[in-house]
Amino acid sequence: MHDINIGTTIVRERRAREITQGELAKHLGVTKAAVSKWELGQSLPDVALLPRIAAFFGLSLDGLFDYRPQLSAEENDACYFDLMDLLAKDADAACERIDALAADYYTCWPLLMRLGSLYMSAVSCLPERSDELMQKAATLFERVECQSKDVELIQSVRFMRAMLLSQQGGLDEAIALVEDIKPEKPFVAETVLGTLYQQRGDDEASLALYQDMLFWSASSVMNSLSMQLHLCASIVGDRLGALLQAGEGMIQGFDFERYCPSEALGFYGGAATACLESGEKERALLYLGRFVGLLDDVGHEPFMGRNHPVLYDRIPETVDSEPAASRMAQVQYDLFDMKNQYKQLVFGYTVWDGYADDERFTPLLDRLSKL
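Residues numbered from 1 in each chain as written. Predicted model: local features only at pLDDT ≥ 70, side-chain atom pairs only at ≥ 80, totals over all residues. Heavy atoms only, no water.

*Asks:* Any chance you could break down the overall build of the protein for me, citing the residues and the numbers?
*Replies:* Helix and strand counts for the protein come out as 21 helices and two strands. When each of the 371 residues of the protein is scored for burial, the buried share is 41%. (Helix = DSSP H or I, 4+ residues; strand = E, 2+ residues; numbered from the N terminus. Buried < 20%, exposed > 50% of the residue type's maximum accessible area, 1.4 Å probe, protein only.)

*Asks:* Which residues make up the environment of P186, and what values go with them?
*Replies:* For P186, the position within the fold is in the loop between helix 11 (171–181) and helix 12 (188–200). In this structure the C-alpha to C-alpha distance between P186 and S217, which are 31 residues apart in sequence, comes to 9.4 Å.

*Asks:* Tell me about helix 17 (residues 281–298), and please be specific about residues and values.
*Replies:* For helix 17, which comprises 18 residues, the first-to-last C-alpha distance of 26 Å matches the rise-based estimate of 26 Å (1.5 Å per residue) to within 8%. Summarising the contacts, the buried residues of helix 17 are in contact with helix 14 (239–254), helix 15 (256–259), helix 16 (261–277), helix 20 (338–347) and helix 21 (362–370). (Expected span 1.5 Å × (residues − 1). Contact = heavy atoms within 4.5 Å.)

*Asks:* Kindly report on unusual backbone geometry, identifying the contributing residues and their values.
*Replies:* At E18, a residue that is not glycine, the phi angle is positive and equals roughly 55°. Looking at the element boundaries, E18 is found in the loop between helix 1 (6–16) and helix 2 (21–28). Positive phi outside glycine occurs at D255, with the angle close to 50°. Overall, the relative accessible area of 24% leaves D255 in the partly exposed class.

*Asks:* Give me the lowdown on the packing of helix 13 (residues 203–232) against helix 16, citing residues and values where you can.
*Replies:* Direction vectors running N to C along helix 13 and helix 16 enclose 20°, while the axes themselves pass 8 Å from each other. Classified by the angle their axes make, helix 13 and helix 16 are roughly parallel. Pair helix 13 / helix 16 crosses with left-handed handedness. Here S219, M222, N223, S226, L229 and H230 of helix 13 lie close against helix 16, whose contacting residues are E263, G266, F267, G270, A271, A274 and E277. For the contact of helix 13 with helix 16, the residue count by class is five nonpolar, six polar and two charged. (Axes fitted to C-alpha atoms, helices over the stretch in contact; angles between N-to-C directions. Parallel < 35°, antiparallel > 145°, perpendicular 65-115°, else oblique. Left-handed = near helix turned anticlockwise from the far one by under 90°. Nonpolar A, V, L, I, M, F, W, Y, C, P; charged D, E, K, R; others polar.)

*Asks:* Can you explain the pattern of salt bridges? Please cite residues and give values.
*Replies:* As enumerated under the stated definition, the model contains 19 salt bridges in all. Here R129 makes a salt bridge to D92, at a shortest N to O gap of 2.9 Å. Of the two residues, R129 is situated in the loop between helix 8 (109–125) and helix 9 (130–147) and D92 in helix 7 (residues 91–104); the sequence distance between them amounts to 37 residues. Exposure remark for D92: the relative accessible area of 37% places this residue in the partly exposed category. Close ionic contact of E145 with R161 constitutes a salt bridge, the shortest N to O distance being 2.6 Å. Of the two residues, E145 is situated in helix 9 and R161 in helix 10 (residues 151–167); the sequence distance between them amounts to 16 residues. It is possible to trace a salt-bridge network through shared partners that takes in D92, D99, R129, E132 and K136. (Salt bridge = Lys/Arg side-chain N within 4 Å of Asp/Glu carboxyl O.)

*Asks:* Account for helix 7, naming residues and giving values.
*Replies:* The terminal C-alpha atoms of helix 7 lie 20 Å apart, and with 14 residues this matches the ideal 20 Å at 1.5 Å per residue to within 8%. Every buried residue of helix 7 is listed here: A91, A94, C95, I98, L101 and A102. One face of helix 7 carries all of its buried residues, which in axial projection span an arc of 125°. Facing away from the buried surface of helix 7 by more than 90 degrees, the exposed residues are E96 and A103. (Arc of directions from axis to C-beta.)

Take a look at the structure:
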């Protein structure tokens, strides 16, 4: 949708200069009523008056028009998916299209953030253009952060900037950026709000809020457990055992193998490697078997989550596999070769090299290599 905001510009500039409608009308040779209609959006100035109005306020014609092409949320999604498809087929053509869209929709902040993320994704397809593409991404992210008034969007773009900085070697700057926006305690506002809903007697609103917290918390817990496995493999004591016990409980309690296999795969792969690094070969074999079996069962479908029929029945919009979400998962799966990414949880660690000829591990490792 394209908006021409001449009236909005006129009223903003007139008030900033403390000029009355009558004074502006006299300068332009029109009635005060005409200026009022322009500012209310009921009519537009005659085209011959546009240069005089722009000159009066010291604006260019572009500035007077305040032309801000915008995409609706649906158009934004469609554009993003189409570019992801194109990126997988012709990365150079996709980058040309991203360039054009960034120029045409230079004030559509949600689109610009996504275009920046696409530049980052294009780096894996066009490594020879990595510096150029990352600079383009940085420019868009900085523009969104400086110009947008959407708090959530600004926070999201700061995360993207941190990822970009880490890829460019600016780890200290990236850490400082994320530390600055990390809440002291997560879900404090949500907990208070849920209690207030209950006090008002709105149990449905409270339940939906707590389910939403549960959905994101469960995913966060699983990610935290999986990422700690490798770090704790060499630590003396039973920290690894405690992580494994907690992860097992989460997978069983939330039925992650069925409803969110990506979480279970991340845990099983990390657990197999961590156990092997700590010398627990039998445990490593157990988790390797679970990992290979689940990865094989998933097949060639995206590892996306599905709605748990009981735990998240009040928030289907958050967890349902809607067509848009399904398409995004499929495109990302194809572009980034997600199955191979998961296989690196095993093959990416040299500790497995010594077990290629071990008769207990060889069948599973051979099976994994062929998936």
